[in-house]
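So you can see what is in the structure, the chains are spelled out below.
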Protein chains: 2
Amino acid sequence: MPYDPSAFPPFAVTVDLVVLTVRRHALCALAVRRGEPPFQGRWALPGGFVRADEDLAQAAARELAEETGLRAHDPAVPVQDNGAHLEQLATYGDPKRDPRMRVVSVAHLALAPDLPAPRAGGDASNARWAPVEELLQQGGYGRDGEPVAPLAFDHAQILSDGVERARSKIEYSSLATAFCPPEFTVGELRRVYEAVWGVALDPRNFHRKVTGTPGFLVPTGGTTTRQGGRPAQLFRAGGATLLNPPMLRPEV
Amino acid sequence: MPYDPSAFPPFAVTVDLVVLTVRRHALCALAVRRGEPPFQGRWALPGGFVRADEDLAQAAARELAEETGLRAHDPAVPVQDNGAHLEQLATYGDPKRDPRMRVVSVAHLALAPDLPAPRAGGDASNARWAPVEELLQQGGYGRDGEPVAPLAFDHAQILSDGVERARSKIEYSSLATAFCPPEFTVGELRRVYEAVWGVALDPRNFHRKVTGTPGFLVPTGGTTTRQGGRPAQLFRAGGATLLNPPMLRPEV
DNA sequence: GATCATAGTCGTCTGCCTGACGATAAACAC
DNA sequence: GTGTTTATCGTCAGGCAGACGACTATGATC
């Protein structure tokens, strides 16, 4: 027995993506330029409609693949390959958030290692990685001196919530490894924490902490010199997902 | 310019509520009996359609008031009066979660102090507080010896997620006070933690921890003997929302 | 009224973890 | 070789948590 369609108002349901990565020691998010009204020409988060036969997570994974080529991890499987971490973030449903009609957006958060270059349907000029502070600042000027328009719709709020989720989640989980390539050094992992939190961490205490937490890191045996200086051990992400005790974010 | 309605599939959007409270040293959730198919006669979480002009949080607050008479707090205002804490939990949108049509449910989590009795549109027999283990057990027998049917739809999953959110959130926030009356003793707060986590806590260490965390508790000056034994100091919830360092949940 | 049971509150001690920081190691640039 | 950079190991003091002893203040029971 289907519902009486007059008994409830119809909604459009979309997924929007907060895709974060660390580039050049800065936390960056994927932004796409809108090609049509409303907010034509403004930057926005990637996203799209949920299809009739699609789960929300499937829709988010499909959008992520379309925008970045990344495959999403099965959340039940620990991070192993080069895929991105994908999780539901929150849902935004203010009646006026889209001027055209009633749209409820289920935002998702994706964490990815540094990628070569974004592609938005093949058009590179309409997609870019931008530092999150640049995307979130209101009416300032970007690094190139041009005025910065705020993100379309309520996407500044969504991005802000996604960044806060990422910042708090790397405290008590091993999610920071999702920003790293499959093999990485302790120093690279530390620079991820520093970029996401925007702080400087003591390399010695950080090294002691991450190598001393069981299941966080697994040495691969190899070493590298990627960053100059003494060669560093290479690690993969271990099976542990929850860090106990957590990494402590320095205050202020 | 409205969307072309043929460009996207129409969805129904509902809010479902995980309303938790602590009664008789057990973590309980509000359940309502379904009066119509599908799942007629089965227990389910309270919920309903989001109206055309309503925000998601407004819809959740309205449903909460209809089912329990509780007013929800403005999330920006710290807990002071007898209202309930209300926050968005997660969104569930499996294409088959409702056999009738495509329904996306934005689940919310509410934490309330112990209430006299539930009312579901005035019909008490169709609403009850039930221990969460009882609602979540699959095909067992309840306290009264009658067989227990699983919750309708995917509500067991939603309830499970809500309980897990509550369990983890009282670790690092002062949310446990949302389960307490406006004035409460340290022992009452401890029994909240014990019920939600299902563990026993050392009364002395707990007392030291909560009274030593700045901003968590504010003494009102009064004392009480509600639980027998030596009179205890009464407290109100302080302004702090985040506990740093957090309460530690004993392992296993 | 003495005794007991029940809760609440204050202390002590020990072990672990963290932050601060010195020291050494192994590469590269000149 | 010297200096620079990054990685890694150690040391030490302070803080917090778990274990648990001791004392206090009420009501219940004999």
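In the annotation of an unreviewed UniProt entry, the entry for chain A reads 8-oxo-dGTP diphosphatase, and the organism field reads Streptomyces canus. Its UniProt record gives chain A the following Sequence similarities (unreviewed entry) comment, quoted word for word: "Belongs to the Nudix hydrolase family."

1. Considering the relation of the copies chain A and chain B
Superposition of the two copies of the chain requires a rotation about an axis and a shift along the axis. Superposing chain A onto chain B takes a rotation of 180 degrees plus a shift of 0.0 Å along the axis, which leaves an RMSD of 0.0 Å. Such a combination of rotation and displacement between the chain copies is what one expects of a two-fold axis. Comparing contact sets, 100% of the residues at the interface of chain A also lie at the interface in chain B, consistent with an isologous, same-surface contact.

2. Some remarks on the interface of chain A and chain B
Contacts between chain A and chain B engage 33 residues on the former and 33 residues on the latter. One can count zero salt bridges joining chain A with chain B. Our count for the contact surface shared by chain A and chain B stands at 10 residue pairs in polar contact (both at pLDDT 80 or more). Going through the elements one at a time, strand 1 (12–23), strand 5 (85–92) and strand 6 (103–111) of chain A are the ones with two or more residues in the side of chain A that touches chain B. Per-element tally for the side of chain A that touches chain B: the top contributor is strand 5 of chain A, with four residues.

3. Some words on the protein's contact with DNA strand C
The local shell around DNA strand C holds 23 residues, among which Arg204, Arg208 and Lys209 of chain A together with Arg204 and Arg230 of chain B are the closest. Sugar and phosphate atoms form 51% of the subset of DNA strand C atoms that lie within 4 Å of the protein. Take Arg208 of chain B: an N or O atom from its side chain is 3.3 Å from a base oxygen of DNA strand C. Of all the elements in the fold, those that place two or more residues in the surface near DNA strand C are helix 5 (203–212) of chain A together with helix 4 (186–197), helix 5 (203–212) and strand 9 (232–237) of chain B. Considering each element in turn, the surface near DNA strand C owes the most residues, four residues, to helix 5 of chain A. Its residues placed into classes, the surface near DNA strand C shows five nonpolar, eight polar and 10 charged.

Thresholds, definitions, all that
- Residues numbered from 1 in each chain as written.
- Chains lettered and ligands numbered in written order.
- Predicted model: local features only at pLDDT ≥ 70, side-chain atom pairs only at ≥ 80, totals over all residues.
- Heavy atoms only, no water.
- UniProt positions renumbered as here; feature names shortened; annotations may be inferred.
- Least-squares fit on C-alpha atoms with pLDDT ≥ 70 in both.
- Contact = heavy atoms within 4.5 Å.
- Salt bridge = Lys/Arg side-chain N within 4 Å of Asp/Glu carboxyl O.
- Polar contact = N/O pair within 3.5 Å; in protein donor to acceptor, adjacent residues only side chain to side chain.
- Helix = DSSP H or I, 4+ residues; strand = E, 2+ residues; numbered from the N terminus.
- Near = heavy atom within 4 Å.
- Nonpolar A, V, L, I, M, F, W, Y, C, P; charged D, E, K, R; others polar.

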